[in-house]
Amino acid sequence: MRCFGRQCRGQGHVFVKLVRHTEQQLLELGQPITALGQQAQQLLGQATALSDSTRERLADAFNAAMSSHTHIRKQSTQLTQGKKLSHCKIVNAYDPTMAPILKGKSNCPAQFGRKPGLVSEPATGFIFANRVPEGNPCDASYVLPLLDKVQRAIERVRATPRLQVHSVAGDLGINDAALRQALHQRAILTVGIPKTIEPMQPHPSPEEVRDILNEAGLHRKRTPHQVHLACACGYSRPVVESHIASLLSRGAGQVRYKGPLGAMRQQGMTVMAHNGATLVRIRQQHMSKRAQKFRRLLGLRRRKIHEINNPKN
Amino acid sequence: MRLVHYLQHWLRGTGTRLQVADFVPDPHPLRQWADTFPWAALVAAVEHSFDTRFPTRSPRGRAPVPIRVLLALELLKHEVGTSDEDICHRLRTDFAVMYACGLREYQAPRSQVHFVLPETLCEFRGRIDEALMDELIAIQAAAAMEEGLVSPAHLVIDTFPCAQGSQRVTDATTLYKAQKKPSN
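Given the structure is predicted, the values throughout are model-derived calculations rather than measurements. (Residues numbered from 1 in each chain as written. Chains lettered and ligands numbered in written order. Predicted model: local features only at pLDDT ≥ 70, side-chain atom pairs only at ≥ 80, totals over all residues.)

## Quick look at the overall build of chain B
Rules: Under the DSSP-based scheme used, a helix requires at least four consecutive residues in state H or I and a strand at least two consecutive residues in state E, with every element numbered from the N terminus. Whether a residue is buried, exposed or partly exposed is read from the other C-beta atoms within 10 Å of its own C-beta, which are placed from the backbone; 20 or more gives buried, 12 or fewer gives exposed, and intermediate counts give partly exposed. Note on contacts: residues are paired as contacts if their backbone-placed C-beta atoms lie within 7 Å.
Along its length, chain B carries 10 helices and 4 strands. Of the regular secondary structure in chain B, the N- to C-terminal order runs α-β-α-α-α-α-α-α-β-α-α-β-β-α. Residues counted as buried form 33% of the 184 residues belonging to chain B. A separation of at least 24 residues holds for 83% of the contacts in chain B among residues at least 6 apart in sequence.

## Concerning the sheet that holds strand β6 (residues 127-131) of chain A
Put simply, the rule reads: Between any two strands, pairing holds if DSSP finds at least two bridges. To obtain an axis, a line is fitted to C-alpha atoms, over the contacting stretch when the element is a helix, and the angle between two such axes runs from 0 to 180 degrees between their N-to-C directions.
On the basis of which strands lie adjacent, the open sheet formed by 5 strands has the order β6(A)-β5(A)-β3(B)-β7(A)-β8(A) and mixed pairing. Single-partner strands in this sheet number two, and they are β6 and β8 (189-192) of chain A. The average undirected angle you get between the axes of adjacent strands in this sheet is 25°. Of the strand pairs in this sheet, strand β5 (residues 117-120) of chain A and strand β3 (residues 154-159) of chain B are connected by 4 bridges, and their pairing is antiparallel. Bridging across to β3(B), A:G117 finds its partner in B:T159.

## Details of unusual backbone geometry
Residues and elements named next belong to chain A. Backbone geometry places A187, a non-glycine residue, at a positive phi of 65°. Relative to the elements of secondary structure, A187 occurs in the loop between α5 (177-185) and β8. By the C-beta count within 10 Å, which is 15 here, A187 ends up partly exposed. Phi is positive for Q285, which is not a glycine, with a value near 60°. On the secondary structure map, Q285 appears in the loop between α9 (259-283) and α10 (289-297).

## Concerning the packing of helix α6 (residues 84-93) of chain B against helix α8 (residues 118-126) of chain B
When two helices pack together, their arrangement is given by the angle between the helix axes and by the axis-to-axis distance. Residue and element names in this part refer to chain B. Applied cut-off: In this scheme the handedness of a crossing depends on how the near helix is turned from the far one: anticlockwise by less than a right angle means left-handed, clockwise means right-handed. For this classification, the nonpolar set comprises Ala, Val, Leu, Ile, Met, Phe, Trp, Tyr, Cys and Pro, the charged set comprises Asp, Glu, Lys and Arg, and every other residue, Gly included, is treated as polar.
Where α6 meets α8, the axes come as close as 9 Å, and the angle between the chain directions of the two elements is 115°. Here the hand of the crossing between α6 and α8 comes out right-handed. Across the interface between the two elements, D84, E85 and C88 from α6 touch P118, L121 and C122 from α8. Grouping the amino acids of the contact of α6 with α8 by side-chain chemistry returns 4 nonpolar, no polar and 2 charged.

## Here's the deal with the domain arrangement of chain A
Put simply, the test is: A domain assignment, automatic or from a database, supplies the domain bounds used here.
Under the domain assignment, chain A is made up of domain 1 (2-80) and domain 2 (117-297). For domain 1 of chain A and domain 2 of chain A, the distance between their C-alpha centroids amounts to 41 Å.

## So, the interface of chain A and chain B
Of the residues lining the interface, 73 residues belong to chain A; the matching set on chain B comes to 42 residues. For the side of chain A that touches chain B, the element with the most residues is α9(A), which contributes 14 residues. In the side of chain A that touches chain B, the residues fall into 40 nonpolar, 18 polar and 15 charged.

## Considerations on the nonpolar core
Convention followed: Among buried residues, those of type Ala, Val, Leu, Ile, Met, Phe, Trp, Tyr and Cys that are joined through C-beta atoms within 7 Å form a set called a nonpolar core.
Formed by 93 residues in total, the largest nonpolar core has its most connected members in A:F128, A:V150, B:A72, B:L73, B:L91, B:C101 and B:I157. The element contributing the most residues to this core is helix α9 (residues 130-146) of chain B, with 10 residues.

Rendered as structure tokens:
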């Protein structure tokens, strides 16, 4: 018997001998599946009563089922032999793209599911792009694909001068040296990505600002004002949890559609619905004092185009 | 026969026409929410994607349910947190939902249950691929940036876990249905 997890969170007990014994029985039971599968494939090829499209559809489904069985069998064999499983283990026989979610769960049993990523504006919570990858890749691998999506959205804007991404903030999960270098090459400040668990400095001194710009090699590309805003964003990064909470309130916490495509559709539609509600809040000026100040600093002031300046007359 | 029945309002309809906008006040949450979307650009992107991937083989047949209605229903479903069946039903009875779906005039026989069948909505959803979904979000973001409402200058990135919902019927559901059946 093995125990997992910290005692204060309730340990999970696993009867290893029982699991291995049951797994052995299941492996023996599934032994003839490969031979039966080959026979079924031959018979499907000989079935003249079926149309070509039906035969093709059945063959695709059959191949998918056989490949899943092979994968599961390999994993079960490793389990009975006491070998360590690889990172991307199967947790759902019908959907091999799902993986254990270990993020923030070091003390608890792992959840199984998906891990969508999002990139949002810290002041208002408008989500510029989202991503639902297959499996459970590291957080740092989300950043560049998400920024590419933001760039594609920026390219659609016909305003001049062209909008740019100045800085990116995140948690320790995206603290990666190669990623920092890639972001600096794109002229994006990484001061909002922490290197330690120490709290960030929200108001850096002029010397610190100069050091930040020199370290990133963006001395002539980014201004001290932009560095100050980037530091403020990094300091208030936890607001992203409220953006996530808004998505969760719209049902993003549980994927109801089937497969990775279904998850992508559900998350995408939820993000668009959330963005619609965010834009309503922005138009009605229903924002926190901090968000209003941040918008003023970014030059996103409300234009009172439908209001008369002097209503007394 | 059922298909003809539910689609007939797209063809002709009977009775006097009611102006939907007259029944939905300006500060109504769904009206304000619906007015934020760049519908023309979104519908054009969906139509372009569908025309490329699912070309119409024959010009014959009945006019389909507009993309604008289906897209709005799909978004509304996530905004109000309801099922396909419920949102399709609300389109028949709720003026705010009609407004959000771009229907400006209401004219339908009383016997008609649905404007849009839930199966149609499910089929529409099944045609949305990753590229199209990304394009729709980019169009929405670009419209907001162009209007000066948001700026991509400083961004925050994070991930969150979500569970894959189970499609299987639980014992509680079976019991509930069994108890409900005799009462009907």
